[in-house]
Amino acid sequence: METVSISNRDITTGQQKHEIEMPRFGLGVYLMGEPGECRDAVRHALDKGYRLIDTAMAYGNEDEVGEAIRDSGIPRDEIFVVTKLRQPHANSHEETLERCQQSLENLGLDYMDLYLVHAPPKDQEARGPVWKGMEECLSNGWTRSIGVSNYGAHHLDAMLSYAEFLPSVNQIEISPWLQRPALRAAIREVGAVPMAYSPLARGHKVDDPSLAALAESLGCTPAQAAIKWCIDSGAITIPKSSNPSRIEENIGSLSVDLSGTESAFADLEESYVSGWDPTSEP
Ligand SMILES: NC(=O)c1ccc[n+]([C@@H]2O[C@H](COP(=O)([O-])OP(=O)(O)OC[C@H]3O[C@@H](n4cnc5c(N)ncnc54)[C@H](OP(=O)(O)O)[C@@H]3O)[C@@H](O)[C@H]2O)c1
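From a predicted model like this one, the values you see are computed outputs, not experimental measurements.

What to know about the sheet that holds strand E9 (residues 193-197)
Across the sheet, which stays open at both edges, the eight strands sit in the order E3-E4-E5-E6-E7-E8-E9-E10 with parallel pairing between neighbours. Edge positions in the open sheet fall to strand E3 (27-28) and strand E10 (236-237), since each of these has one partner strand only. Bridge count between strand E7 (residues 146-149) and strand E8 (residues 169-173): two bridges; the pairing is parallel. By the bridge assignment for E8, Val 148 is matched with Asn 170. Together, strand E5 (80-85) and strand E6 (114-117) form the strand contacts of helix H3 (residues 93-107), whose direction differs from that of E5 by roughly 140°.

Focus on the pattern of salt bridges
One pass over the structure, following the stated rule, counts 13 salt bridges. Across the salt bridge formed by Asp 277 and Arg 180, the nearest N and O atoms sit 3.1 Å from each other. Taken together, the positions of Asp 277 in the segment after helix H10 (262-266) and Arg 180 in the loop between E8 and helix H6 (181-189) put the pair 97 residues apart, joining distant regions of the chain. Glu 270 is the salt-bridge partner of Lys 205, the closest N and O atoms lying 2.6 Å from each other. Pair noted here: Lys 205 is in the loop between E9 and helix H7 (209-218) and Glu 270 is in the segment after H10, with a separation of 65 residues, a long-range link. Owing to a relative accessible area of 13%, Lys 205 belongs among the buried residues under this scheme. One network of salt bridges, with partners in common, ties together Arg 39, Asp 40 and Glu 67.

Rules behind the numbers
Residues numbered from 1 in each chain as written. Predicted model: local features only at pLDDT ≥ 70, side-chain atom pairs only at ≥ 80, totals over all residues. Heavy atoms only, no water. Pairing = 2+ DSSP bridges. Helix = DSSP H or I, 4+ residues; strand = E, 2+ residues; numbered from the N terminus. Contact = heavy atoms within 4.5 Å. Axes fitted to C-alpha atoms, helices over the stretch in contact; angles between N-to-C directions. Salt bridge = Lys/Arg side-chain N within 4 Å of Asp/Glu carboxyl O. Buried < 20%, exposed > 50% of the residue type's maximum accessible area, 1.4 Å probe, protein only.

The values are spatial; any link to function lies outside them.
Shown next as structure tokens:
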């Protein structure tokens, strides 16, 4: 699996700190609510070569992610686990530490690879203390890297006033229908890498006729074309599927060659948000 280097840049020295390798592609496990659904999907994905799993305390399935990892027999250090601090739990330094420990207990793991603030804390005064808590999770070795999710350019900019280490990743909605060049530039500015959630716009756009025509010309499926566009645009990409054949189809996107389709993909942009968008919160 191809990887990208991510790091938490030290704000005083400007040095890349805690640099680690992260797979560019993985499985998202949001909305896997049936008992066993998440465990079976993660297990199938790992068997088929996935090495990055994106969960969150909010998804209620960290325990099944951990179970599937242990059942797989794959060494822990070959799998990259991402989880997130819920927005309603992002209130203080102390609570951040407690919730990180709870996530590790749920996962049944000694450490996670990347811990994200799920969305900007509602209380603006809490943003600094919560990030200090994230930095402490990093220095305690509970996570190998720390990042954010759903942070807009103004949220990232504000971090310069309170962070010691800048985020390694900002996970935001990105798809061919929501390409976000300005926010990606702001993410690069702080030394982070964009991570694309909802790359299929939650399935809303898989039947888009323009995408179907593009996919036909490429000899791949529409979902594969959309996923590969996200990866080639520089975003770590985590489509969700609970369906074994779609889990296989989605990893098949890695071998798709999009050469010559740049302008056709550019034409798909329509600022389409499929879920929530806290990047525009104050
Ligand atoms: N940080 C955040 O705020 C945030 C927000 C949303 C999502 N996420 C993360 O990003 C992951 C992915 O985003 P998402 O779950 O919102 O949406 P998504 O990956 O864009 O789309 C998932 C939907 O597409 C369907 N699908 C998957 N593969 C398909 C294929 N090959 N052909 C046709 N349909 C297909 C799935 O159904 P089946 O399962 O039936 O295949 C599901 O209904 C989440 O699981 C989560 O880990 C993070």
